[in-house]
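# Understanding the architecture of this molecule
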Amino acid sequence: MLRLGVFRPEQFFAAPPDRWLPYLYYRLSRSRVSLRLLRSVGDEMFERLMPHVRLSNGVARTTFRNRFRNLDPLVNDVLSRNFSSREELVVEDWAASTCLTSYEWAESLFALFPRLRFTASDGMLYLIEVEDAVSGEVFVTEQDGRPLQYIRPPFAICMAPPESWTAPLNRVGYQWAKRRWRKVGEIGRAPDAWFDWRCEEMLERNGRLLRKLPLIHPRALELARRDERFSIRRHSVFERAPAPCHVIRSMNILNRSYFSEHQLFDAARSVAESLHAGGIWIVGRTTCEDPPVHDVSVLRKLDSGLLQVVERTGAGSEIESIALDVAAVLA
Ligand SMILES: C[S@@+](CC[C@H](N)C(=O)[O-])C[C@H]1O[C@@H](n2cnc3c(N)ncnc32)[C@H](O)[C@@H]1O
């Protein structure tokens, strides 16, 4: 078995060719899409590229347009009952993946809370393209420098997970890429400020050119540029928010399939400690995509620090009891 790669937008969108040789190339290349294509894309291409992005930590990046169309109205209703429309409401959407559902939610909240300050965050907002200026070799890595792909047309070699021996040529390519990465990869860390969405510069480090490949949906980026009430930030669910919030949403992240009880406890603590008294936490999981069905708990932080369930959909969040216990320990 052999796997080649897709490197150009027109190749990515192409229909299967009629002639057998181009058709063979087409069939051999579809499963290896160069992540370099993320460099500058429109809505449709971005959404079609996302399923090809596989990160090394195993947490899915799945998110969809309109995923929360039946959850946002319910949540907004709770917020309208709990906060005045004149309030400068501080809302954070944690683990927001491409920030597309954050963009949709923020747009609906602006009408209710005109002075809203909304931040969408995720642990991973960019991949990095590393190009060796001399050899022309290109790697795509995660933000911490973990290589995901080695691009050398006609191959786009997958480095995490490694290519398997069932595709021997690809496996040999992977071994080669690993050796090359030991040389090309010695670049040192990019400064944190470079990962701010406002920074569009290319970096030059020891003969390597570094470019950011956004994992942020073009619509969310455009909203952040156009409206200062909406911003995007890199943030881990295990860290407190930089300033106290009125509302935190953490959907499809604090699940037992991703994290241990201990980690869930830590993440719940960072949420509880980030909320103002009277603040609201929306936590849960989407159990069916079409039509969307969610198991969600909406919790309110009382003056005592304890959390109280104010709304539930479906079975409620699977970590509701952890959330209540954490708050009781902190109170
Ligand atoms: C399944 S997506 C959820 C997207 C969105 N909240 C939704 O429900 O449609 C999970 C996201 O969590 C992010 N993630 C994983 N570990 C994280 C961490 N420790 N802190 C913040 N985000 C994390 C991943 O990058 C991924 O984008």
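What counts, and where the lines are drawn
Residues numbered from 1 in each chain as written. Predicted model: local features only at pLDDT ≥ 70, side-chain atom pairs only at ≥ 80, totals over all residues. Axes fitted to C-alpha atoms, helices over the stretch in contact; angles between N-to-C directions. Helix = DSSP H or I, 4+ residues; strand = E, 2+ residues; numbered from the N terminus. Parallel < 35°, antiparallel > 145°, perpendicular 65-115°, else oblique. Left-handed = near helix turned anticlockwise from the far one by under 90°. Contact = placed C-beta atoms within 7 Å. Nonpolar A, V, L, I, M, F, W, Y, C, P; charged D, E, K, R; others polar. Domains from an automatic or database assignment. Pairing = 2+ DSSP bridges. Expected span 1.5 Å × (residues − 1). Buried ≥ 20, exposed ≤ 12 C-beta atoms within 10 Å, placed from the backbone. Arc of directions from axis to C-beta.

Right, let's talk about the packing of helix H5 (residues 100–112) against helix H7 (residues 218–226) for a bit. Axis separation between H5 and H7 bottoms out at 8 Å; the angle between their running directions is 50°. In this view, H5 runs oblique relative to H7, as classed from their interaxial angle. The way H5 lies across H7 gives a crossing that is left-handed. Between H5 and H7, the residues in contact are Leu100, Ser102 and Tyr103 and Arg219, Ala220 and Leu223, respectively. Looking at side-chain class alone, the contact of H5 with H7 contains 4 nonpolar, 1 polar and 1 charged residues.

The subject of this paragraph is the domain arrangement of the protein. As far as domains go, the protein holds domain 1 (35–59 + 126–214) and domain 2 (72–124 + 217–330). Each side of the interface is counted separately: domain 1 has 11 residues, and domain 2 has 10 residues. Here the side of domain 1 that touches domain 2 is built from residues that sort into 7 nonpolar, 2 polar and 2 charged.

What follows concerns the sheet that holds strand E4 (residues 138–141). Through backbone hydrogen bonds, the strands of a sheet pair up, either in parallel or in antiparallel fashion. A sheet is described by the order of its strands in space; here 6 strands give the open sequence E6-E5-E4-E3-E8-E7, paired in antiparallel fashion. Two strands bound the open sheet, and with one partner strand each, they are strand E6 (155–158) and strand E7 (203–205). Neighbour to neighbour, the strand axes of the sheet diverge by 25° on average, direction disregarded. Note: strand E3 (residues 126–132) against strand E8 (residues 208–214), 7 bridges, orientation antiparallel. Bridge assignment links Glu129 to a residue of E8, and that residue is Arg211. Where helix H6 (residues 168–184) meets the sheet, its contacts fall on E3, E4, strand E5 (147–152), E6 and E8, and the angle it forms with E6 comes to roughly 80°.

Moving on, we get to unusual backbone geometry. Peptide bonds are, in most cases, trans, and in most cases residues other than glycine have a negative phi. For the bond from Ala160 to Pro161, the omega torsion is 0°, close enough to zero to count as cis. Its location among the elements puts Pro161 in the loop between E6 and H6. The step from Asp290 to Pro291 runs through a cis peptide bond, and the omega angle for that step is 0°. Looking at the secondary structure, you find Pro291 in the loop between strand E11 (275–289) and strand E12 (292–301). You will see that Cys99, though not glycine, has its phi angle at about 70°, which is positive.

Before going further, it helps to examine H6. Along its 17 residues, H6 runs 24 Å from first to last C-alpha, staying within 8% of the 24 Å computed at 1.5 Å per residue. Looking only at H6, the buried set comprises Asn170, Gly173, Tyr174, Ala177 and Val184. Seen from one end, H6 has its buried residues packed into an arc of 105°, which puts them on one side. Residues of H6 that are exposed and angled more than 90 degrees away from the buried face: Pro168, Gln175, Arg179, Arg182 and Lys183. Each element contacted by the buried residues of H6 is listed here: E3, E4, E5, E6 and E8.

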